[in-house]
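Read off the chains here:
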Amino acid sequence: MNRIARWLGGAAAIVLAMGMVPANAQTPIKFTLDWVFQGPTSPFLVALDKGYYKAEGLDVTMDPGQGSAGAVQRVATGAYQIGFADVNSTIEYNAKNPGKEVLCVFMAYDYAPFGVYALKKSGIKGPKDLEGKKLGAPVFDASFRLFPAFAKINGISKWEHVNLTPQLREQSLVQGTVDFVSGHYFSSMLDLKARGVKFDDIVAMRYVDFGLDLYANGIVVSSEMAKNEKAVKGFIAATIKGWKDVIADNKVGIAAAKKKDPLVDEALETERLQISLQTNIFTPWVKANGMGDVDPARFAKAVKTVSDAFGLPEAPAPDKVFTNKFLPPQADRMVAK
């Protein structure tokens, strides 16, 4: 009997040595978000909770982030294989690190949420009224970093920057110590609302509505991860299922976010999710073409615009920033109602 057991053990060792692993073996994936667990990122949590990643052979662990630039760095260094980050941060990183590019493989925000915001009582009505005014923003805020491009397009030649933490940004606007602030639409609008300001009393200037047509967040992968085509395709397919579930029933997404962070304000995150869906995802392009891909000409123009705004020595080639080769068929990516 012992002889048989030893023979079986030896056979198992030979199988493993030959690389024959169990059919249900999972590929470990470390995934980073760009920010904390919120409504707009809940589709990833739903895909995780419902086992969509597992069904694709992926063992995914998911962590919050501290900004898109940090998420890109995490992926670039190999600390994480996949991330959710602003493609504009990816453009900047790739321009500064040729040969070590991080690749965007799925575009989530077809319209960027960037913008600036003022209060109607200030007398500000549009971009021209921002001339010479005080702009309150953290130096790392994407909307702030891209404000020079917005200003150039809209004929604004001078402004004063007041460096503020994210926690003091909207509060400073309400108190009147700054004239306008920059930030993501689905964050600044809701932060102002939380401070007693009605939406009707806010002058919201989304960059996309004033000539600065940029993309924003998407799924990014490391150069090493990009070599694993099956895993990247599986991650995207599973995430799309999560998005479809959340679009069909917002409550599913908010429940997943609250499960991850019990302090999540359900009403606030539901509203944030709905705003992100309506203003960043359900665009004419997505309604016609599905989520995930980009318009090549528009994307190339955006890469050039961002490179100029960031003062980069040279704009990276668009195909060094984004590829659609990992996307499922268009029919599987149709999500807009």
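Look up: the structure comes first, before these words.
Every chain is numbered on its own, with residues counted from 1 as its sequence reads. In keeping with the predicted nature of the model, local features appear solely for residues at pLDDT of at least 70, side-chain atom pairs appear and are counted solely at 80 or more, and the whole-chain, interface and lining totals rest on all residues. Computation of side-chain values covers all heavy atoms of the structure but excludes hydrogens and water.

A.B. asks: When you look at the side chain of Glu 170 in this model, what are you seeing that I'm missing?
C.D. replies: Within the secondary structure, Glu 170 sits in helix H8 (residues 166-175). When accessible area is computed with a 1.4 Å probe and restricted to protein chains, residues below 20% of their type maximum are described as buried, those above 50% as exposed, and intermediate ones as partly exposed. Among the residues examined, Glu 170 registers a relative accessible area of 1% and is labelled buried. Pairs of N or O atoms within 3.5 Å make up the polar contacts considered here, provided that, within protein, one atom can donate a hydrogen while the other can accept it, and that residues adjacent in sequence are counted only when both atoms are side-chain atoms. A polar side-chain atom of Glu 170 sits 3.2 Å from a polar atom in the side chain of Arg 169. A contact between two residues is defined here by any heavy atoms of the two lying within 4.5 Å. Among all residues touching Glu 170, those that are not within four sequence positions of it are Ser 188, Asp 191, Leu 192 and Arg 195. Per the convention used, a helix needs a DSSP run of H or I reaching at least four residues, while a strand needs a run of E reaching at least two, with both numbered from the N terminus.

A.B. asks: Can you walk me through the pattern of salt bridges in this structure?
C.D. replies: Any two side chains of opposite charge can pair, on the condition that their charged atoms come close. Salt bridge, as used here, is a side-chain nitrogen of Lys or Arg placed within 4 Å of a carboxyl oxygen of Asp or Glu. On inspection of all chains with the given rule, the structure shows 14 salt bridges. Across the pair Arg 169 and Glu 170 runs a salt bridge, and its minimum N-O distance is 3.2 Å. What you see here is one network of salt bridges that share partners, running through Glu 92, Lys 96 and Arg 145.

A.B. asks: I'm lost on the nonpolar core in this one. Help?
C.D. replies: Nonpolar side chains in soluble globular proteins tend to end up buried together. In this structure, Phe 44, Phe 147 and Trp 243 are the most contacted members of the largest nonpolar core, which totals 106 residues. Considering every element that reaches this core, the biggest residue donor is helix H10 (residues 229-248), with 9 residues. If sequence neighbours within four positions are ignored, Trp 243 has contacts with Pro 40, Pro 43, Phe 44, Phe 84, Phe 106, Ala 108, Leu 277, Ile 281 and Met 291. The definition of a nonpolar core used throughout is a set of buried Ala, Val, Leu, Ile, Met, Phe, Trp, Tyr and Cys residues joined through side-chain atoms within 4.5 Å.

A.B. asks: Would you take a moment to explain the packing of aromatic side chains for this structure?
C.D. replies: Pairs of aromatic rings are described using the distance from one ring centre to the other and the angle between the two planes. Only centres within 6.5 Å qualify two rings of Phe, Tyr or Trp (six-membered ring in Trp) as a pair; their planes then separate them into stacked at under 30 degrees, edge-to-face at over 60, and tilted for everything else. Evaluation of the coordinates by the stated rule reveals 17 aromatic pairs. Here a set of aromatic residues connected by ring pairs shows up, and it is made of Phe 31, Phe 44, Tyr 53, Phe 84, Phe 106, Tyr 109, Phe 186, Phe 235 and Trp 243. Look at NZ for Lys and CZ for Arg. If either is within 6 Å of the ring centre and within 35 degrees of the ring normal, a charge sits over the ring. In this structure, Lys 30 is placed above the aromatic ring of Tyr 80, and the distance from its NZ or CZ to the ring centre is 4.4 Å. A cation over a ring is seen here: Arg 298 above Tyr 215, with NZ or CZ 3.9 Å from the ring centre.

A.B. asks: Hey, could you run me through the sheet that holds strand E3 (residues 82-86) in this one?
C.D. replies: Two modes of strand pairing occur in sheets, parallel and antiparallel, and in both the strands are linked by backbone hydrogen bonds. Here, any two strands with at least 2 DSSP bridges between them count as paired. Reading across the sheet, the 5 strands line up as E2-E1-E3-E10-E4 and stay open at both edges, with mixed pairing between neighbours. The strands lining the two open edges of the sheet, one partner per strand, are strand E2 (58-63) and strand E4 (103-107). Strand-to-strand, the axes of this sheet are offset by a mean angle of 30 degrees, without reference to chain direction. Where E3 meets strand E10 (residues 217-221), 5 bridges bridge the pair, whose relative direction is antiparallel. For Asp 86, the partnering residue across the bridge sits in E10 and is Asn 217. Together, strand E1 (27-32), E2, E3, E4 and E10 form the strand contacts of H10, whose direction differs from that of E4 by roughly 30 degrees. The convention used is that axes are lines fitted to C-alpha atoms, helices contributing only their stretch in contact, and that angles between N-to-C directions extend from 0 to 180 degrees.

None of the figures reported here should be taken as evidence of function without further support.
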